[in-house]
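Letter by letter, the chains look like this.
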Amino acid sequence: MGGIGSGNWCQKGKNLTTQYRNLDVRRWARDGLLEPGNTFGWQWSENGTPTASMRVQAKVGQVRLIYRSRENGGAWEDFDYPVRLLAQPCHLGGYREWFSCPVKGCGRRVALLYCGRIFACRQCHQLAYPSTRETNFQRAQRRADKLMERLQWIDDPDLMRGTKPKGMHWKTFNRLLDELAYWEHEANTGFAKSFLARYGDMIDWPLAMS
């Protein structure tokens with residue numbers, strides 16, 4: 001199995017983690033795919049259409065990644081290399097799996113590997129999280145949205161706003177309401193300041209009425 005389509009099958013953009021395909025060891029562990037001796041295919045899709053794939057062989061303490069890649073319509077290259085797995089004991093028993101970044105001299109313990117010429121950690125690919133590009137009001141709005149999700153209002157806020165989710169304690173509900181009010185205020189105030197700083201000189205403001 002190899003990459004599907006032309007172009008650089010790994011990279012969809014530049015600089016941000018969300019613009020690169022990734023491998024998540026937590027998902028593979030949760031789905032029971034890391035049992036030694038297991039071989040499975042892994043595929044990425046966009047809008048329901050497969051865009052890339054690889055074959056993975058799980059062994060004791062490692063997985064082998066097998067795929068083909070090419071850049072900008074060039075010749076296909078075959079890749080087949082191991083990625084170490086690191087097991088971390090959990091306080092309540094069992095253990096958690098991590099990838100060890102396969103880049104020589106790195107070896108960081110990470111949950112995600114991002115696709116470049118090889119799969120590597122975020123630092124080796126010099127990728128930033130989207131949140132580092134956010135303004136203060138965008139960050140506040142993201143926190144407000146997460147609270148709306150927890151309150152189960154995000155899908156239909158006009159209908160559900162103010163409704164306590166079934167099973168949620170009133171103390172928790174009231175605390176979340178206070179947090180939501182704070183972050184919405186921060187988002188709205190920050191947006192207004194940003195808008196005025198950027199466009200205030202371009203707007204013909206009406207004279208204040210006496």
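For the structure, see preceding data.
Residues numbered from 1 in each chain as written. Predicted model: local features only at pLDDT ≥ 70, side-chain atom pairs only at ≥ 80, totals over all residues. Heavy atoms only, no water.

Draft legend 1. A look at the overall build of the chain. Scanning the chain for helices and strands turns up 4 helices and 9 strands. The 210 residues of the chain split such that 32% are buried. When contacts within the chain are restricted to residue pairs at least 6 apart in sequence, those whose partners lie at least 24 apart make up 41%. For the chain, the accessible area works out to roughly 14000 Å², and carbon and sulfur atoms hold 49% of it. (Helix = DSSP H or I, 4+ residues; strand = E, 2+ residues; numbered from the N terminus. Buried < 20%, exposed > 50% of the residue type's maximum accessible area, 1.4 Å probe, protein only. Contact = heavy atoms within 4.5 Å. Areas by Shrake-Rupley, 256 points an atom, 1.4 Å probe, with all protein chains shown as cover.)

Draft legend 2. Quick peek at the sheet that holds strand S5 (residues 77-89). Spatial ordering of the open sheet is given by S2-S3-S4-S5-S6-S7, a layout of 6 strands whose pairing is antiparallel. For this open sheet the edge positions go to strand S2 (39-46) and strand S7 (109-110), each flanked by a neighbour on one side alone. Where strand S6 (residues 95-100) meets S7, 2 bridges bridge the pair, whose relative direction is antiparallel. Bridge pairing links Ser100 to Arg109 in S7. (Pairing = 2+ DSSP bridges.)

Draft legend 3. Spotlight on the nonpolar core. Formed by 29 residues in total, the largest nonpolar core has its most connected members in Leu23, Trp28, Met54, Val63, Leu65, Phe99 and Phe119. Elements represented by at least two residues in this core include exactly helix H1 (25-30), S2, strand S3 (49-59), strand S4 (62-69), S5, S6, strand S8 (112-115) and strand S9 (119-120). Discounting residues that sit within four places of it in the chain, Leu23 has contacts with Trp28, Trp42, Trp44, Met54, Leu65, Phe99, Ala111, Leu112, Leu113 and Phe119. Of all hydrophobic cores here, the second largest spans 9 residues; its members include Ala144, Leu147, Met148 and Met168. (Core = buried A, V, L, I, M, F, W, Y, C linked by side-chain atoms within 4.5 Å.)

Draft legend 4. Layout of the sheet that holds S9. Overall, antiparallel pairing links the 3 strands, which are arranged S1-S8-S9 in an open sheet. Of all the strands in the sheet, the pair left with one neighbour each is strand S1 (22-24) and S9. Taken together, the 3 bridges between S1 and S8 define a ladder with antiparallel strand orientation. Bridge assignment links Leu23 to a residue of S8, and that residue is Leu113.

Draft legend 5. Spotlight on the environment of Pro165. As for its position among the elements, Pro165 is in the loop between helix H3 (157-160) and helix H4 (170-199). For Pro165, a relative accessible area of 5% translates into the label buried. A C-alpha to C-alpha distance of 8.9 Å links Pro165 and Trp153, two positions 12 residues apart in sequence. Not counting the four nearest positions on each side in its chain, Pro165 is found in contact with Arg150, Leu151, Gln152 and Phe173.

Draft legend 6. Up close: the state of the cysteines. Using the criterion set out here, one finds 0 disulfides in the structure. The thiol sulfur of Cys106 is not disulfide-bonded, and the nearest other cysteine sulfur, from Cys124, lies at 3.6 Å. When its relative accessible area of 31% is taken as the criterion, Cys124 is described as partly exposed. (Disulfide = S-S within 2.5 Å.)

Draft legend 7. Molecular detail of the packing of aromatic side chains. Scanning the entire structure with this criterion turns up 11 aromatic pairs. Here the aromatic rings of Trp28 and Trp42 are separated by 5.6 Å at their centres, their planes lie at 75°, and the arrangement is edge-to-face. Within this pair, whereas Trp28 is found in helix H1, its partner Trp42 is found in strand S2, the two being separated by 14 residues in sequence. The same class applies to Trp28 as to Trp42, namely buried. Both rings, one in Trp28 and one in Phe99, keep their centres 5.8 Å apart while their planes meet at 90°; by these two values the pair is edge-to-face. Note that Trp28 is positioned in helix H1 and Phe99 in strand S6, a separation of 71 residues in sequence. In this structure Trp28 comes out as buried when scored by relative accessible area, which is 0%. (Phe/Tyr/Trp six-rings, centres within 6.5 Å; stacked < 30°, edge-to-face > 60°.)

Draft legend 8. Region of the structure containing the pairing of S2. Pairing of S2 with S3 involves 8 bridges; the strand directions are antiparallel. By the bridge assignment for S3, Gln43 is matched with Ser53. Where S2 folds back onto S3 in an antiparallel hairpin, the turn is made up of 2 residues, including Asn47, whose phi is positive at roughly 55°.

Draft legend 9. The pattern of salt bridges, seen in detail. Enumeration over the complete set of coordinates arrives at 5 salt bridges. For Arg26, the salt bridge identified is with Asp24, shortest N-O distance 2.9 Å. A salt bridge links Arg117 to Glu77, with the shortest nitrogen-to-oxygen separation between them at 2.6 Å. Of this pair, Arg117 sits in the loop between S8 and S9 while Glu77 sits in strand S5, and the two are 40 residues apart along the sequence. (Salt bridge = Lys/Arg side-chain N within 4 Å of Asp/Glu carboxyl O.)

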